[in-house]
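Each chain, written out:
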Amino acid sequence: MNVLEKRRFDADPYLAELDAVVESCQPRPEGYAIVLDQTIFFPRGGGQNCDGGTVDGLEVLDCFAENDEILHILPRPLSPGQRVRLAICMENRMSHMQHHLAQHILSALLTRLYQNDTQSAHMEEGYGHIELPRTMTPDQLEALERAANDVVARDLPVHTAYYTPEEAARIPVRGRITPHASIRLVEIEGFDINACGGTHCRSTGGIGAIVLTGTKAVRGQFRIYFKAGQAALDEQARRTGLLLSAQQALGAETGDQLPLAAEETARRLREAEARLQALTERLDAADYDRLLASADRTGSQPCIARILECCEDTKHFKAIAEQLVKNEKAVVLLALTGGDRTALLLMRPKGQKTPDLGAALRTLTGRWDGKGGGSPVMAQGQIDLVSDALLDDIRQTFSDLSAQCRT
Ligand SMILES: [Zn+2]
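Note that the structure is a prediction, hence the values are computed from the model and not measured.

Engineer: Could you give an account of helix α8 (residues 314–328), with specific residues and numbers?
Structural biologist: With 15 residues, α8 should reach 21 Å at 1.5 Å per residue; the first-to-last C-alpha distance of 20 Å fits that figure. Here α8 has its buried residues at Phe 317, Ile 320, Ala 321, Leu 324 and Val 325. End-on view of α8: buried residues confined to an arc of 140°, all on one side of the axis. Residues of α8 that are exposed and angled more than 90 degrees away from the buried face: Lys 315, Lys 326 and Asn 327. Elements in contact with the buried residues of α8: α7 (258–293), β15 (303–308), β16 (331–338) and β17 (341–347). A positive phi of about 50° marks Lys 329, the residue just after α8.

Written out as structure tokens, the structure reads:
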């Protein structure tokens, strides 16, 4: 039996089980490499993974071609001459056949409709992708998916055969032909002829459905992701769920209303953000004025020492305190209480030598098991407590710091 006749998946990719004879068995680092007199296992290559399955109940760990032989890697050795039972995982094989044929259809349509020739294609478990030299718009991709599913619905027969390079040269084959002693051509009757060594459905109807699932820019190429067969149907059902969720969330009765509903939601969000911004600015100005009005001005610089019940607004008050220090050259000592914690913000203009706000804050938080720190001119901390004793201690600390600022 020559090497091509050994590849039983070429003529009948639907053959799930087969009896074969072990021709040789060699130990290798990854297991035992078995050569059989014939096989249904597709060796990985040409952008397709190898088949999963068993040889006499032993799991096939890998399967690839080397020196014109197909090697099946098994975890245990088998004896030459031994008769064995091969079984492939048909679910996987179906998925490979559907995705491979779907790729032929998509690539043929991409060339025909958009002059966008496939540069490479790859099949993973449950999806495939095609890389193209040019990008495509969502409208073009939708039209491509419709055209591809039309080819599926027409259930065109698929024929495969080997040719010599001279014979193949006379056939109108789409795409490049890698030089080989014999060329395997896959013909989708009346639609496309392409050189390919993979496994394919016996007609386009066997694909069931094709769905384009995404795009990506990769190394200057435009990649299209697709799913075929059961994976495509699962994707469609999942999309229905996603679409209906989005419709319900945005109040769109039909999918067609989604873009408008999304635009309306975005418009209302922009309006709300603008309103929030205006209100925040007014609140900032009001709090700024309120704190400045409460300043003790008996010293050389205004001193603001306040305990406020609004711990959750620490960020807001920190920004205001920074403005008061910058614009009014004020000393700002704030304790913000709320729930069961007290935030502390101490700030003063640069230039003076004392007081050291960081040291004062560490002394205060040290007494109350708090955390925080800072520099002589800016310190921030937190104590996980609100109590009269703590507030009295804070008042005393603020009073001492204010006195130091006045001198
Ligand atoms: Zn193919």
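Continuing now.
Engineer: Go over the environment of Glu 235, please, and point to the residues and values.
Structural biologist: Mapped onto the secondary structure, Glu 235 falls in helix α6 (residues 229–250). Taking the C-alpha atoms as reference points, Glu 235 and Asn 92, separated by 143 residues in sequence, lie 17 Å from one another. In this structure Glu 235 touches Val 211, Thr 213 and Lys 227, once residues within four positions along its chain are discounted.

Engineer: Tell me about the packing of α6 against α7, and please be specific about residues and values.
Structural biologist: Across the interface, α6 lies against α7 with an axial gap of 10 Å and an inter-helix angle of 45°. One element, α6, and the other, α7, form an angle in the oblique class. The hand of the α6/α7 crossing is left-handed. For the pair formed by α6 and α7, the contact residues are Ala 246, Gln 247 and Leu 250 on the first element and Leu 258, Ala 261, Ala 262 and Thr 265 on the second.

Engineer: I'd like a description of α7, backed by residues and values.
Structural biologist: For α7, which comprises 36 residues, the first-to-last C-alpha distance of 52 Å matches the rise-based estimate of 52 Å (1.5 Å per residue) to within 8%. Of all 36 residues in α7, one are buried, a share of ten percent or less.

Engineer: Could you give me a rundown of the packing of α7 against α8, with the residues and numbers involved?
Structural biologist: Two elements in contact, α7 and α8, have axes whose closest approach is 10 Å; the angle formed by their N-to-C orientations is 60°. Between α7 and α8, the interaxial angle falls into the category oblique. In the crossing of α7 with α8, the sense of the turn from one axis to the other is right-handed. Touching Asp 284, Asp 287, Tyr 288, Leu 291 and Leu 292 of α7 are Ile 320, Gln 323, Leu 324 and Glu 328, all from α8.

Engineer: Go over the sheet that holds strand β10 (residues 158–163) with me, naming the residues and quoting the values.
Structural biologist: A sheet is described by the order of its strands in space; here three strands give the open sequence β10-β11-β12, paired in antiparallel fashion. Taken across any chain shown, the strands that pair with only one partner, and hence form the sheet edges, are β10 and β12 (192–195). Each neighbouring strand pair of the sheet contributes to a mean axis angle of 20°, computed without reference to strand direction. As judged from the six bridges shared by β10 and strand β11 (residues 183–188), these two strands associate in the antiparallel manner. In the sheet register, Ala 161 faces β11, and the bridge partner there is Leu 185.

Engineer: Would you mind going over the pairing of strand β1 (residues 17–28) in detail, with residue names and values included?
Structural biologist: When β1 meets strand β7 (residues 83–88), the two strands line up antiparallel, connected through five bridges. Across the sheet, residue Asp 19 finds its bridge partner in β7, namely Arg 85. Bridge analysis of β1 against strand β2 (residues 31–36) gives six bridges, and the strand direction is antiparallel. Note that in β2 the partner of Arg 28 across the bridge is Gly 31.

Engineer: Please give an account of the sheet that holds β17 that cites residues and values.
Structural biologist: With mixed pairing, the five strands of this open sheet are ordered in space as β15-β16-β17-β19-β18. The open sheet terminates on both sides in strands that have one partner only, identified here as β15 and β18 (371–374). On average, each strand axis in the sheet is tilted by 5° relative to the strand beside it, whichever way the strands run. Sheet topology note: the β15/β16 ladder contains six bridges and is parallel. Within β16, the residue paired with Ala 305 across the bridge is Leu 333. Against the sheet, helix α9 (residues 357–367) engages β17, β18 and β19 (378–383), with an angle of about 165° to β18.

What counts and how
Residues numbered from 1 in each chain as written. Predicted model: local features only at pLDDT ≥ 70, side-chain atom pairs only at ≥ 80, totals over all residues. Helix = DSSP H or I, 4+ residues; strand = E, 2+ residues; numbered from the N terminus. Expected span 1.5 Å × (residues − 1). Buried ≥ 20, exposed ≤ 12 C-beta atoms within 10 Å, placed from the backbone. Arc of directions from axis to C-beta. Contact = placed C-beta atoms within 7 Å. Axes fitted to C-alpha atoms, helices over the stretch in contact; angles between N-to-C directions. Parallel < 35°, antiparallel > 145°, perpendicular 65-115°, else oblique. Left-handed = near helix turned anticlockwise from the far one by under 90°. Pairing = 2+ DSSP bridges.

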